[in-house]
Amino acid sequence: MVRFLAERIASAVLTVLGASILAFLVLRALPTDPARLIAGPFAKEDVLAEVRAQMGLNKPLVMQYVDYITSFLSGDWGFSYGAGKPVLPLIAERLPASAELALFSFVIALVAAVAFAVLVSYSRSRILDGILRAVSFVSVGVPPFWIALLLLMLFFETLGWFPGPVGRGPAPQHAITGFYTIDHLLAGNVSGALNALWHLALPGIALALGSFGYLVRLLRANLLDVVHEPFVTVLHSKGVPPVTTHFRHILPNAFLPTLTAAGMILAQLIGGSVLVEQIFTWPGIGTLVIDGVTRQDYAVVQAFILLSALIYIVVNLAVDLLYGYVDPRVRRS
Amino acid sequence: MTAAPLLEIANLRAVFDTPRGRVVSVDDVSLSIPAGKTLGLVGESGSGKSVTSLSLMRLIARSGGRIEAGRMILRPAGGREIDLAALPEPAMREVRGRDIAMIFQEPMTSLDPVWSIGDQIAESVRLHQGVSRREARARAIEMLRLVGIPAPERRVDDFPHQLSGGMRQRVMIAIALSCRPGLLIADEPTTALDVTIQAQILDLIRRLQADIGMAVLFITHNMGVVAEIADRVAVMYAGQVVEEAPVAEIFATPRHPYTQGLLASIPGTTAPRPDRRLPTIGGMPPSPLNRPEGCRFAPRCAFATDACRAAVPPLEDIGGDRKVRCIRWQEVSQ
């Protein structure tokens, strides 16, 4: 178990290093000159040289990378010239909004995927199975921003059931976790929490649909595989009722291989909701990144790339460790 | 014989509807097993022996088949009489695991990989006897000791992947016998195991059979195993029983040409001679979609005549508690 842990953590650290090199090089490879961006188009060559020296851009590439990594680790993620603020607090104040939206849509996707996959594999109905496969096929293929627009047209404009693209709704009095739903609940404000959920619903569903389609297809296939395992015949021969067999034996066996995919999806949701955030004017890191790209505010983009990689790797590490806990075959070996 | 047998199968017919037509896997099979005795059901792959056992457990629908005709009377302790073929599914679930239990060929894949072996034994006990979690665990440990697993208090929390094939088959037996069933169906339980482990498992089944007093339907294609464990033998060929007799008689005086062929093809029953090859039965069993009109063994039989090919021979009672499905058994036996 110790070796398993050490191996996983070592490989995670290596992956983060790789991602940081990539983030570093991609921005260095761009044709724009950061010094000119700061000093302005009419700056003289000696001013530019001074700015470059100030930013360390005249050092060798390797040294620049070392500088970059050490300052990243010490919490200096660069300065956003667009926002006029250091990048770290800028991201820190916006991350909870993205994380709440991502977790919310992840829960929707996972719960719905389990429910529908179990329903189809248990009922063995070809019609239900056909419908589910069609839905999952479409939901994986359709881009989330388009779903977001459809949802807004239907549930906001036409029916008026959900709020429009106005962000997260009123903020709670005290920011404790940064999640509006939880902070409202902690303050004893149930209607505030419900209101936060109400604002989460449309962007959450828009984001969840693709993940749902992917997870449900995977889980359905796993369930139908496990249903035909010999041990299921043995369970029937023991007189175990079909519902018990399905929920307590088949589902756990089918769910284990889905765990890895679920982890990847969670990580992707946290970093990858850029367009949907933009549509709903969600104050998350997605909107921050779009601003960063359009204003050529590279410190923000660079930090975002590395942060996404970091989240991805941490979530996957967590999933690996979770395997060690829930799968007896991994636990003991 | 005074008491009615524990199990009486009468005219069982089990069929599968396949895209290429209707397949009669088990055709007019009648068998009976007295309480505490062992019937060996022998035949090659596709002869219908496993379908017979799955029909008994009413698990045949899982593989796409159905029971089309026949009765399967079970007389569990307490003087009841149940027709398994007509029993509603909820009542059948209570019979499974409590009155009839089954062990399977593949111990490596017969256990749920994410449940501990103790929980898998306890599941049966709790289901059928409604005991507490704690009691069920104690029973699981007791069963593990009974099937010869060392240090059962420690092993009870092990998971299947931590056990060898032989040990897993012992766990399967522990699960099957945890509710002391009147009938155990053993479907080739030693086929996937090493020879030394095979002998241990056979010993174990025999010993527990004596302890619990249960009847055993032992399905195998291995005549050597039959000789070890069975009181009576039924030989199946192409979905039908072709011969049935006490075990000693089957080996001493096989009456059906197919049984004779089976026995002759066991290595080591005749003195090995370098100039002689092991006898085999020529040809292949008929496709279940296209069986011969008359005797199903006729195309492979050295004794076959036009009369054999004309009509299906009846399973004839030939005295001495024996039956044979061959119109020429008297000539064949000479």
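Further up the page is the structure itself.
Residues numbered from 1 in each chain as written. Chains lettered and ligands numbered in written order. Predicted model: local features only at pLDDT ≥ 70, side-chain atom pairs only at ≥ 80, totals over all residues. Heavy atoms only, no water.

**Overview of the environment of Ser164(B)**
- With respect to the helices and strands, the residue Ser164(B) is situated in the loop between helix H5 (152-155) and helix H6 (165-177).
- Along the sequence, Ser164(B) and Met108(B) sit 56 residues apart, while their C-alpha atoms lie 8.1 Å from each other. (Helix = DSSP H or I, 4+ residues; strand = E, 2+ residues; numbered from the N terminus.)

**With respect to the interface of chain A and chain B**
- The interface of chain A with chain B comprises 26 residues on the first partner and 28 residues on the second.
- The contact between chain A and chain B buries some 2300 Å² in all, and 59% of this surface belongs to carbon and sulfur atoms.
- Of the charged contacts in the structure, one is a salt bridge between Lys238(A) and Glu123(B), with a shortest N-O distance of 2.9 Å.
- Our enumeration of links across chain A and chain B arrives at 11 residue pairs in polar contact (both at pLDDT 80 or more).
- Breaking the side of chain A that touches chain B down by element, the ones donating at least two residues are helix H10 (230-237), helix H11 (242-271) and helix H15 (328-332) of chain A.
- Here the side of chain A that touches chain B takes eight residues from H10(A), the largest share from any one element. (Contact = heavy atoms within 4.5 Å. Buried area = accessible area lost by both parts, 1.4 Å probe. Salt bridge = Lys/Arg side-chain N within 4 Å of Asp/Glu carboxyl O. Polar contact = N/O pair within 3.5 Å; in protein donor to acceptor, adjacent residues only side chain to side chain.)

**Quick look at unusual backbone geometry**
- The residue Thr281(A) is not glycine, and still its phi comes out positive at about 40 degrees.
- With respect to the helices and strands, the residue Thr281(A) is situated in the loop between helix H12 (274-279) and helix H13 (285-294).
- A positive phi angle, near 60 degrees, is found at Asp321(B), a position not held by glycine.
- Mapped onto the secondary structure, Asp321(B) falls in the loop between strand E11 (316-319) and strand E12 (322-324).
- Judged by relative accessible area, Asp321(B) falls into the exposed class, the value being 53%. (Buried < 20%, exposed > 50% of the residue type's maximum accessible area, 1.4 Å probe, protein only.)

**Structural notes on a nonpolar patch on the surface**
All names here are of chain A.
- Judged by side-chain polarity, Leu5, Ile9, Val13, Leu14, Leu17 and Leu321 come together as a nonpolar surface patch covering roughly 490 Å² of accessible area.
- Counting residues per element, the nonpolar patch draws most heavily on helix H1 (residues 2-29), at five residues.
- Along the chain, Ile9 turns up in helix H1. (Patch = residues over 30% accessible without salt bridge, like charges linked within 9 Å, V, L, I, M, F, W, Y side chains within 5 Å. Areas by Shrake-Rupley, 256 points an atom, 1.4 Å probe, with all protein chains shown as cover.)

**Some words on the nonpolar core**
- Leu84(B), Ile173(B), Leu177(B), Leu184(B) and Ile185(B) are the most contacted members of the largest nonpolar core, which has 72 residues in total.
- Setting aside residues up to four positions removed in sequence, Leu177(B) forms contacts with Met143(B), Leu184(B), Leu208(B), Ile212(B) and Met214(B).
- The next biggest cluster of nonpolar side chains, apart from the first, holds 68 residues, and it includes Ala23(A), Ala208(A), Ile265(A) and Ile285(A). (Core = buried A, V, L, I, M, F, W, Y, C linked by side-chain atoms within 4.5 Å.)

**Brief notes about the sheet that holds strand E7 (residues 183-187) of chain B**
Residues and elements named next belong to chain B.
- Pairing is mixed across the open sheet formed by eight strands, whose spatial order is E6-E7-E8-E3-E9-E10-E12-E11. Only two strands of the sheet have a single partner each, and these edge strands are strand E6 (100-103) and E11. Direction aside, the axes of adjacent strands within the sheet are offset by 20 degrees on average.
- In the sheet, E6 pairs with E7 via four bridges, with the strands oriented parallel. Residue pairing across strands places Ile100 opposite Leu183, the latter belonging to E7. (Pairing = 2+ DSSP bridges. Axes fitted to C-alpha atoms, helices over the stretch in contact; angles between N-to-C directions.)

**Remarks on the environment of Asp27(B)**
Residue and element names in this part refer to chain B.
- Turning to its location among the elements, Asp27 is positioned in strand E2 (residues 21-33).
- For Asp27, a relative accessible area of 17% gives the class buried.
- Through-space distance from the C-alpha of Asp27 to that of Ser333 is 26 Å; in sequence the pair is 306 residues apart.
- Setting aside residues no more than four positions away along its own chain, Asp27 makes contact with Leu12, Arg13, Gly239, Gln240 and Arg296.

**Here we look at the environment of Glu243(B)**
All names here are of chain B.
- Its place among the elements puts Glu243 in strand E10 (residues 240-246).
- Counting along the chain gives 83 residues from Glu243 to Cys326, while the straight-line C-alpha distance between them is 8.6 Å.
- Other than its neighbours up to four places away in sequence, Glu243 contacts Val233, Ala234, Val235, Ile250, Thr253, Pro254, Arg255, His256, Thr259, Arg322, Lys323 and Val324.
- Here Arg255 takes part through its backbone nitrogen, which lies 2.9 Å from a polar atom of the side chain of Glu243.
- Polar contacts involving the side chain of Glu243 include one to the side chain of Thr259, which spans 2.7 Å.

**What about the sheet that holds strand E5 (residues 82-83) of chain B?**
All names here are of chain B.
- Pairing in this open sheet of four strands is antiparallel, and the strands run E2-E1-E4-E5 from one edge to the other. Lying at the two open borders of the sheet, with one neighbouring strand each, are E2 and E5.
- Pairing geometry for strand E4 (residues 65-74) and E5, over two bridges, is antiparallel. When the bridges of E5 are listed, Ile73 appears paired with Asp83.
- Contacts from helix H1 (residues 49-56) reach strand E1 (7-18), E2 and E4, with the element oriented near 110 degrees to E1.

**Focus on the packing of aromatic side chains**
Residue and element names in this part refer to chain A.
- One pass over the structure, following the stated rule, counts 11 aromatic pairs over all chains.
- Here the aromatic rings of Phe116 and Phe212 are separated by 5.9 Å at their centres, their planes lie at 75 degrees, and the arrangement is edge-to-face. Taken together, the residues span a long stretch of sequence, with Phe116 in helix H5 (residues 87-123) and Phe212 in helix H9 (residues 190-227) at a distance of 96 residues.
- Using a relative accessible area of 41% as the deciding quantity, one classes Phe116 as partly exposed.
- An aromatic cluster of at least three residues, connected via ring pairs, comprises Phe24, Tyr65, Tyr68, Phe72 and Trp77.
- When the ring centre of Tyr180 is taken as reference, the NZ or CZ atom of Arg168 above it lies at 3.7 Å. (Phe/Tyr/Trp six-rings, centres within 6.5 Å; stacked < 30°, edge-to-face > 60°. Lys NZ or Arg CZ within 6 Å of the ring centre and 35° of its normal.)

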